[in-house]
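Here is how the chains run, residue by residue.
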Amino acid sequence: LYFERLDNIFASLLDATGGKFMSFPYGAFSSYVDQTAPAINTPTLMTLGQTDFASSVSVESGTNIKVANPGIYNLQWSAQFQNTNSQLDDAYIWLRQGNGVGAATDIVGSTGFVSIPNKHGAVNGHTIVGWNYYLSLQANDYVQLVWSTNNLTVTLQHLDAGVTPTRPSTASVVATLSFVSALPREV
């Protein structure tokens, strides 16, 4: 009888579509504007101006991906880099975490270093860079995506829809933050 009741509870919770009545925090955000660094080797926050999907995760001030609930989250991001220089140029990308008290702090071990292809002929160099992290966040914590470059010829570039072949537009930056698990209990 116990297991029959348990089966009925799970059946009503999950429904035939699996997870229909369950909700976990998530957010998907993007930017369809070009982004530049103000100076070489200067930490610059990536901006996210569009909310694609969200539940208990939001973007504040255009740069802070904020969570309403504590937990372990999976941050995935990508950025479309462009280089108008005839030489390879470099970019660093890293994460910061804050909670509204004082400045956000750099997350140790989060820095990536990439070379952006050089211009070839009349075509600017392009590459898309991205990776993901698991982060431990408290309620109202936020995460920032930060970048810097050794040359102002490197920018974050959106791409308009095109022809020959017909293709959709591309965001300069895309980021998703998804709840994975409750925070581990301290013993």
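In short, a report on the structure. (Residues numbered from 1 in each chain as written. Predicted model: local features only at pLDDT ≥ 70, side-chain atom pairs only at ≥ 80, totals over all residues. Heavy atoms only, no water.)

Overview of the overall build of the protein chain
Here is step 1 of the chain: Across its full length, the protein chain carries one helix and 13 strands.
Here is step 2 of the chain: The order of helices and strands in the protein chain, counted from the N terminus, is α-β-β-β-β-β-β-β-β-β-β-β-β-β.
Here is step 3 of the chain: Computed over the C-alpha atoms, the radius of gyration of the protein chain is 20 Å, more than 25% above the 16 Å expected from 2.2 N^0.38 for a compact globule of 187 residues.
Here is step 4 of the chain: With the C-alpha coordinates aligned to their principal axes, the bounding extent of the protein chain is approximately 75 × 45 × 25 Å.
Here is step 5 of the chain: Looking at the protein chain as a whole, 35% of its 187 residues qualify as buried.
Here is step 6 of the chain: A total accessible area of about 10700 Å² is found for the protein chain, and carbon and sulfur atoms account for 55% of it.
Here is step 7 of the chain: Put simply, the protein chain has 7 plus and 12 minus side-chain charges, and the middle of one group is 4 Å from the middle of the other. (Helix = DSSP H or I, 4+ residues; strand = E, 2+ residues; numbered from the N terminus. Rg over C-alpha atoms; globule rule 2.2 N^0.38 Å. Buried < 20%, exposed > 50% of the residue type's maximum accessible area, 1.4 Å probe, protein only. Areas by Shrake-Rupley, 256 points an atom, 1.4 Å probe, with all protein chains shown as cover. Lys, Arg positive; Asp, Glu negative; His and termini not counted. Charge placed at Lys NZ, Arg CZ, Asp CG, Glu CD.)

So, the side chain of S30
Here is step 1 of the chain: Topologically, S30 is positioned in strand 1 (residues 26–31).
Here is step 2 of the chain: A polar contact of 3.1 Å, which involves the side chain of S30, links it to the side chain of D52.
Here is step 3 of the chain: Not counting the four nearest positions on each side in its chain, S30 is found in contact with L48, G49, Q50, D52, A171, V173 and V174. (Polar contact = N/O pair within 3.5 Å; in protein donor to acceptor, adjacent residues only side chain to side chain. Contact = heavy atoms within 4.5 Å.)

Describing the packing of aromatic side chains
In this description, a pair of aromatic rings is defined by centroid distance and the angle of the planes.
Here is step 1 of the chain: With the rule as written, the count across this model stands at six aromatic pairs.
Here is step 2 of the chain: A ring pair is formed by Y73 and F179, whose centres lie 5.6 Å apart and whose planes are at 85°; its orientation type is edge-to-face. Placement of the pair is Y73 in strand 6 (residues 71–83) and F179 in strand 13 (residues 173–181), with a sequence separation of 106 residues.
Here is step 3 of the chain: Look at Y73 and you get buried, because its relative accessible area is 0%.
Here is step 4 of the chain: Within the aromatic cluster, the residues linked to one another by ring pairs are F24, Y73 and F179. (Phe/Tyr/Trp six-rings, centres within 6.5 Å; stacked < 30°, edge-to-face > 60°.)

Examining the pattern of salt bridges
Close approach of charged atoms lets side chains of opposite charge pair.
Here is step 1 of the chain: For the coordinates displayed, the defined rule picks out two salt bridges.
Here is step 2 of the chain: A salt bridge links K66 to E60, with the nearest nitrogen and oxygen atoms 3.3 Å apart.
Here is step 3 of the chain: A salt bridge links R96 to D106; the nearest nitrogen and oxygen atoms lie 2.8 Å apart. Here R96 is found in strand 7 (residues 89–98), whereas its partner D106 is found in strand 8 (residues 105–106), with 10 residues between them in sequence. (Salt bridge = Lys/Arg side-chain N within 4 Å of Asp/Glu carboxyl O.)

Comments concerning the pairing of strand 4 (residues 57–60)
Here is step 1 of the chain: Sheet topology places strand 4 next to strand 5 (residues 64–67); four bridges connect them, and they run antiparallel. Across the sheet, V59 pairs through a bridge with I65, a residue of strand 5. (Pairing = 2+ DSSP bridges.)

Details of unusual backbone geometry
Here is step 1 of the chain: The omega torsion of the bond from T164 to P165 falls at 0°, within 30 degrees of zero and hence cis.
Here is step 2 of the chain: As for its placement among the helices and strands, P165 is situated in the loop between strand 12 (154–156) and strand 13.
Here is step 3 of the chain: The phi dihedral of N140 falls on the positive side, at around 75°, and the residue is not glycine.
Here is step 4 of the chain: With respect to the helices, strands and loops of the structure, N140 is situated in the loop between strand 10 (125–137) and strand 11 (142–149).
Here is step 5 of the chain: Relative accessible area serves as the criterion here: at 40%, N140 is assigned to the partly exposed category.

Side note on the environment of D89
Here is step 1 of the chain: Position of D89 among the secondary structure elements: in strand 7.
Here is step 2 of the chain: Along the primary structure D89 and I116 are separated by 27 residues, whereas in three dimensions their C-alpha atoms are 5.4 Å apart.
Here is step 3 of the chain: D89 has contacts with N83, V114, S115, I116, N150, N151, T153 and V154, leaving out every residue within four places of it along the chain.
Here is step 4 of the chain: Side chain to side chain, D89 and N83 meet in a polar contact 3.4 Å long.
Here is step 5 of the chain: Reaching out from D89, the side chain makes a polar contact with the side chain of N85 at a distance of 2.9 Å.

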